[in-house]
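# Observations on the three-dimensional arrangement
Residue strings, one per chain:
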4 protein chains.
Amino acid sequence: MIRAAVIGAAGYTGGELIRLLLRHPNVGQAGLTAVSTSSAGRRIGEVHPDLSGSTDLRCTDHHGEPDVVFLCLGHGQSSRWLAENTLAAHVRVVDLSTDHRDLTANPGWTYGLPEKYRQAIRGSSRVANPGCFATAIELALLPLAETGLLTGDVVVHAITGSTGAGAQPSETTHYAWRESNVSTYKTFAHQHEAEIRQVLGDVRLHFVPLRGPFTRGIHATSVIPGMHDLQQAISAITTRYAEEPYVHVVSNEPAMKAVVNTNNCHIGLTGSNGTLCIVSCIDNLLKGASGQAVQNMNLMFGFDETAGLNLKASVY
Amino acid sequence: MIRAAVIGAAGYTGGELIRLLLRHPNVGQAGLTAVSTSSAGRRIGEVHPDLSGSTDLRCTDHHGEPDVVFLCLGHGQSSRWLAENTLAAHVRVVDLSTDHRDLTANPGWTYGLPEKYRQAIRGSSRVANPGCFATAIELALLPLAETGLLTGDVVVHAITGSTGAGAQPSETTHYAWRESNVSTYKTFAHQHEAEIRQVLGDVRLHFVPLRGPFTRGIHATSVIPGMHDLQQAISAITTRYAEEPYVHVVSNEPAMKAVVNTNNCHIGLTGSNGTLCIVSCIDNLLKGASGQAVQNMNLMFGFDETAGLNLKASVY
Amino acid sequence: MIRAAVIGAAGYTGGELIRLLLRHPNVGQAGLTAVSTSSAGRRIGEVHPDLSGSTDLRCTDHHGEPDVVFLCLGHGQSSRWLAENTLAAHVRVVDLSTDHRDLTANPGWTYGLPEKYRQAIRGSSRVANPGCFATAIELALLPLAETGLLTGDVVVHAITGSTGAGAQPSETTHYAWRESNVSTYKTFAHQHEAEIRQVLGDVRLHFVPLRGPFTRGIHATSVIPGMHDLQQAISAITTRYAEEPYVHVVSNEPAMKAVVNTNNCHIGLTGSNGTLCIVSCIDNLLKGASGQAVQNMNLMFGFDETAGLNLKASVY
Amino acid sequence: MIRAAVIGAAGYTGGELIRLLLRHPNVGQAGLTAVSTSSAGRRIGEVHPDLSGSTDLRCTDHHGEPDVVFLCLGHGQSSRWLAENTLAAHVRVVDLSTDHRDLTANPGWTYGLPEKYRQAIRGSSRVANPGCFATAIELALLPLAETGLLTGDVVVHAITGSTGAGAQPSETTHYAWRESNVSTYKTFAHQHEAEIRQVLGDVRLHFVPLRGPFTRGIHATSVIPGMHDLQQAISAITTRYAEEPYVHVVSNEPAMKAVVNTNNCHIGLTGSNGTLCIVSCIDNLLKGASGQAVQNMNLMFGFDETAGLNLKASVY
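Values in this document were obtained by computation on a predicted structure and should not be read as measured data.

### Considerations on the domain arrangement of chain A
Residues and elements named next belong to chain A. The domain boundaries assigned to chain A delineate domain 1 (4–129 + 289–301) and domain 2 (132–282). Measuring from the centre of the C-alpha atoms in domain 1 to the corresponding centre in domain 2 gives 25 Å. Contact with domain 1, which involves 15 residues of that partner, is made by 21 residues of domain 2. Where domain 1 abuts domain 2, roughly 1500 Å² becomes buried across the two surfaces, and 47% of that area is made up of carbon and sulfur atoms. It is Y12, Y111 and E115 in domain 1 that bury the most area against domain 2; as a group they hold 38% of the surface buried on that side. For the pair domain 1 and domain 2, the interface holds 4 salt bridges. Of the charged contacts in the structure, one is a salt bridge between R118 and E244, with a shortest N-O distance of 2.7 Å. Where domain 1 packs against domain 2, one counts 11 residue pairs in polar contact (both at pLDDT 80 or more). When residues of the side of domain 1 that touches domain 2 are assigned to their parent elements, the largest contribution, 4 residues, is made by helix α4 (residues 114–122). Taken together, the residues of the side of domain 1 that touches domain 2 break down into 5 nonpolar, 4 polar and 6 charged.

### A closer look at the relation of the copies chain D and chain B
With an RMSD of 0.0 Å, the fit of chain D onto chain B corresponds to turning through 180° and sliding 0.0 Å along the axis. Considering both components of the superposition, the chain copies are consistent with a two-fold axis. Nearest to the rotation axis, the C-alpha of D:Y175 is located 2.1 Å from it, this being the minimum over chain D. A shared interface surface links the copies, since 100% of the contact residues of chain D are contact residues in chain B too.

### Quick look at the interface of chain A and chain D
Taken together, the contacts link 39 residues of chain A with 37 residues of chain D. Summed over both sides, the interface of chain A with chain D buries roughly 3000 Å², with 65% coming from carbon and sulfur. Summed over the shared surface of chain A and chain D, the number is 2 salt bridges. Measuring nitrogen to oxygen at the nearest pair gives 3.6 Å for the salt bridge that ties D:K257 to A:E179. Taken together, the connections running from chain A to chain D amount to 21 residue pairs in polar contact (both at pLDDT 80 or more). Those elements that provide at least two residues to the side of chain A that touches chain D are β8 (153–160), α6 (175–178), β9 (183–184), β10 (204–211), β11 (218–224), β13 (265–272) and β14 (275–282) of chain A. Taken together, the residues that form the side of chain A that touches chain D break down as 21 nonpolar, 13 polar and 5 charged.

### Looking at the sheet that holds strand β7 (residues 126–128) of chain C
Residues and elements named next belong to chain C. With parallel pairing, 7 strands are arranged side by side in an open sheet as β3-β2-β1-β4-β5-β7-β6. The strands lining the two open edges of the sheet, one partner per strand, are β3 (59–60) and β6 (110–111). Bridging between strand β1 (residues 4–7) and strand β4 (residues 68–71) involves 4 bridges; their strand directions are parallel. By the bridge assignment, A4 is partnered in β4 with V68. Where helix α1 (residues 12–22) meets the sheet, it contacts β1, β2 (32–35) and β4, and its direction lies at approximately 160° from that of β1.

### Quick notes on the sheet that holds β10(A)
Residues and elements named next belong to chain A. Read across the open sheet, the 7 strands follow the order β9-β10-β8-β11-β14-β13-β12; overall the sheet is mixed. The strands lining the two open edges of the sheet, one partner per strand, are β9 and β12 (247–249). Relative to β11, β8 runs antiparallel, the two being bridged by 6 bridges. Among the inter-strand pairings, V156 is bridged to a residue of β11, identified as S222.

Thresholds applied
Residues numbered from 1 in each chain as written. Chains lettered and ligands numbered in written order. Predicted model: local features only at pLDDT ≥ 70, side-chain atom pairs only at ≥ 80, totals over all residues. Heavy atoms only, no water. Domains from an automatic or database assignment. Contact = heavy atoms within 4.5 Å. Buried area = accessible area lost by both parts, 1.4 Å probe. Salt bridge = Lys/Arg side-chain N within 4 Å of Asp/Glu carboxyl O. Polar contact = N/O pair within 3.5 Å; in protein donor to acceptor, adjacent residues only side chain to side chain. Helix = DSSP H or I, 4+ residues; strand = E, 2+ residues; numbered from the N terminus. Nonpolar A, V, L, I, M, F, W, Y, C, P; charged D, E, K, R; others polar. Least-squares fit on C-alpha atoms with pLDDT ≥ 70 in both. Pairing = 2+ DSSP bridges. Axes fitted to C-alpha atoms, helices over the stretch in contact; angles between N-to-C directions.

Rendered as C-alpha cells:
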C-alpha cells in the first residue's frame, strides 16, 4: 500500500483520480490525501456528490507525506506548486498539466504514454501525463510513425466533450451554448501539437479540434491521403497493439461511447484508394488524463499495470 | 467461485449483468455464461462493443450448469423460460421481469428489495427483482409506511431514462423524439403500482411516470401534503437508512447524475408547512435492475453484499 | 409601424425579442432599437450569431424615441431603469422581470396573461409579463380556479430548461453538470408562487420546480387528488380554451418538444379515480417570456394578437 | 397563390415542408395537400403534434390537382411515384430523394442548388433537390472549384444529426445509442460523393461522414493542405457569396446551432501555412432538404426567393 496525494482534488481530473484511487487495491481511502485549497475541510461527498455516503474522506490543504503526488492543477500552476513545496527524495510525481511535457525544457521528466515509453516510465520518478487530444492522436499514428509510413499529409479532426475544458464555467461550456452544438476552435493552432510532434517526429499534421455536445470522450479521425500500401499500414497498427491492455483495434467503425468511463482506446481502420482513415476514441478524463495517470503510477511502483483500472463502462 | 448464467445477454439489463459479473470476485469470466438466442455464437464484444478487446467470451444458446440464473427477458418470457427449462435443485434464480413479483400468485418467490427483505432473500432460491420505478418509490416511502406515517395522499412524479423502455426501438426511444423532450405516459396506470402497494400497504398513491431526455437514471419526487410532523418523518427516513450500504440520505437536493453508473440510491428531504417532498434517485439499470440483482445474488450466496458493486460513477 | 426598444438585448429574452421583432409586420428592423450596455456598438450578428449575415442592426446604449419599451433586465434592475430614464407619456412598457408583478405594490400595472386579462392589457400602458413557471401553471389551473373547482391540494412538478436560469454561467447551467441530469431546486419556495396565487386565488399549491437536461421548454404536471367530478373539470378546461389562439388542449399526453420555438401552450388531461393530472407545456422563452411579451404588445397597440408569432416549431 | 402537394407528409422532410408551406405567403393551408398513405385521414396535428390546434388540415391519399409536387419519399420511391401517377403538363416537381440527381441519367432535370444553378432552376419544371451532406460540402468548395483552386487533396469531415437518417427507427438513431455518442459511417463510401463530383468536377475528395448526438444540423470541415495562396482562396469564397441570401461567411469560427431551424449556411475560414480549413454549417432538414426545396419552388414560380423562409432560429 502506498500513500497518494491528489493536488487539485475539486476539479474534473482530481475528482476522477479520487474515484479511482479510493478503489485502487494499492491505495484506498487510508492512503489517499485530497488536497484542495478551495475546498479544504469539506467532505469529499460535498465536493463530488457521487461519493456522498460512500466515504468520509475530507479535503485538506496539505499534502502530508505521500509516496506519489498527482498534480491536477491548471497549466502553469504545476511548476509553481513544485517550486513552492519540498518533496522527500523518494516521492514520485505525475503531472497532468502541460507544464513538463516539453522534455527538452524539462530534463528528468518522462512522457507518460505507456504504449511508447513503458520502460522509461517504470524507472522514472517524474512523469508528464499526456494531453487528452495528444493521447488520442498519438495512439492513432504511433505505429505508422515507428514504421516510417507517416510521410504525407495527415488531416486530423478530433471532437471533444465539455470536460476537456475544465470545471471553470465559460461561454462554450454553458449548457445553452453547448447542447446540440458543434464548432471548431484553435484550428491549426492547438497547444497539443507540440507534444504530438515530440512523440511522432516531423509529421505533416493538420489538426482541427472541435467541441462536441457531450461531456466525456474524444473521437479523432486521422485521414492520410497518400497511403499507397493500405494493407501494410493496417497491419502495422494491428500488430503494434496486439498485446496492449488498453488499446484495441476493433473490427468495425468504433462508437465513442463504448470507451466512455473506461481506460480504453478503441481504434478503427478504413482504407480506400490509397487513403487511410484511422478512428481513435478515448475518454478524455480517463485514458486522456486520470486513468492514464493511474496507469503510469502502476508502472512507476511496479504494480499490475491494470490495477484499479478495470472499469465498468457506462455504455448507454 | 460460482457459475452464473445470464439469460437474455444481448439486452440492456443482460449487458449490465455481464459487465458486473465479469468483474465480480465470485464469478468472473470463467464462471459466466451469456445466453442469447439472437446472438448465439457472437463475441460479447460485438454484442456489447464496450467489451471489445477486453474479453473473448462468446454468447451461447444454452445455459450450461449454473449455480444461479438471471432472467433478463421480456415480461411474460421469464415464466415461459422456467417452464421450458429444467434446473437442478440447487440452482438459484433471480428474475428481472415482472413475472414473479406478485407474491400471492407466486408462492416460493421473494421480492428482492434488500432494504426490506434482506433476511428472506438470504434464505431464498427464487428472487423476483423489483421494477426500476418501484425501487425508487419504495425506497422513498418505506420508512414512512413502516412507521405508520403514510396515511394521506402521496403524489409521485418519476422521470426515467430511455433504457427503461428496453433495447427494442420505439417511437419514444427514437433519438429525434426523445432528445430535449419530456412527456408523461401511463398516468395513474403504470404496472409498477401493484408491487409498490404490495411492499408499502394500502397507500393513496397518485403516480405520474415521465420520460426524460437521458439514457440512465430515475429521479422521483414523492410529495405528501398532510405530513403534520415533518421532523418525525425526516427522522424516520434518516434513521432507517443509516446503515444501508446503497441508500444514502444526502444533505442537499440530490442531482440524479450522481448515482448514474452506481448501485446507489440518493435521497433528499425537504419539508415546509406540513408538506414533505422526498427525492429519490437511482440508476434504473443498476439499483433499478442489474445492480440490485447482483446485490440479491450476493445475499443468496452469502457473499459480501457489496461484492462487485463498488462502481466508479461516470458523474460528468 | 411602431418603434420598439429592447433593453437588455444581449440576454436570452432580449435576443428572442430581437428575433421576433425583426420579423414582426408592425416593427421590423427599421423600428427596432437593441439596447445593451455590455454590447453597445457591436453588430447584432456578433452578439446573436444566428443573425449574422441576416441583419446589419447594431446594439446601442440609448433607447431613442420608442413607442414601446421591453425591459429584459435582471430582477430589480427594471424598476431602477424606469427610475433612471424618462419616457414620453405615450410610451408603453412591457417588463419581463418580476419587478412589477405584485399588482398591489405596483398600481397602474397590468399582469400580462392574455388568457385572463386580455381586455385590461388592451387598455394598459404598463404590463408586467408573467414568469415562465407561472405561465405554465396558471394556464393549467385557471379554468378550475374560475369555476370554483380548485379547493383541494394541488401538487405541481414543473421541469425547466437551462435558459430559464439566464445567460450568466452558474454551476447548474454548466454543461457537465446539466447534461443528462435532473434535480429539484427551491422546493416549496419558488418566487413565482406569489404571482400564481395572485391570479388563481387562495390555492393549496405544493410546487416542486426541477431543472431538466434541455435548453428550452417547461413541462408542468398539476395533480389534484380530490377532484370528484373529473368530467366537469375536464370540460371546464376544454371549453375555456376553445377559442384561444395559443392554448390548445390536445387529445393525447403532450410532448414538450412540440411547443418548443413556438408561442403555444399544449395541455393534456388525464383523470382516474377522482384524481386529475393536467399537463401544460410551453417554451419558457416564448410563451413564458418574449413571445408572450409580443402578444401583449400586439394587444396594447391593437394589432392582430398573433402578428409576428406564427412560428415554425423546431420539433425534432 | 398556388397549390402544392407534399407526397410523404408523415416523414421528417415532409413534415418540415408542411410547416413551411402552411406559413408560405403563396401557398398557405388552402393551397396545401398533405399526401400520406400511412396517415391518410388523420389530422396533421396528430401526425405532427407541434401543429395540433394550429390547423385542421388532414392527410389524404391523393395529391389532387397541384401546381407543384414535392416528393418526400424514400430513395427509389420517387421515380416509382412519378411512373405511377400522371401529372398535368404544367405541374412542376421538386424531388427530395436521390432518384434524379444524376443528371446524365435523368435528362430534363435540374440540380437544385440555387447558388450555382439559379437561372436553370427558374426555367425548370423538374428539380432534383440536393442531398444534405452534398449541400454543405458543395457550398464550402464551390467558389474554389469555379476559380480553379481545387486541385489538391480535400479532406472533408461532416457530422450530421439523427434526422438525416429518416424517421424509421434503426440501431444508430436509438436514443440509448446516439446520446453523447459519435461515430463514422460509410467512410470514403457515402452516396452523396457522386453528386458532389457532378457539381465540383474532378476533385480529390476524401469524405468521412459522422453521426453526432443532435437531431438537426450538419457541421462540415473541409481541409485543403496544398492551398498555397490562402488569401486568394479566402477572397474567392467571400466574394462569391457576398450577395447570396442564405450563405453567409461569418467572421469567427461558426457554431452549428446558429443555423438550426433556419435556411442559412454559415461559412468560416481559417488558413495557416498553406492549409485552408473551410467550415460550413446547415440545418440538414432546411437548407439541406425542405428549406432548399421551398427556395427552389420560389425560383421556379418567380416568387421572391426568400418567401416563407425568413425563419426564427431556435438558437438555444
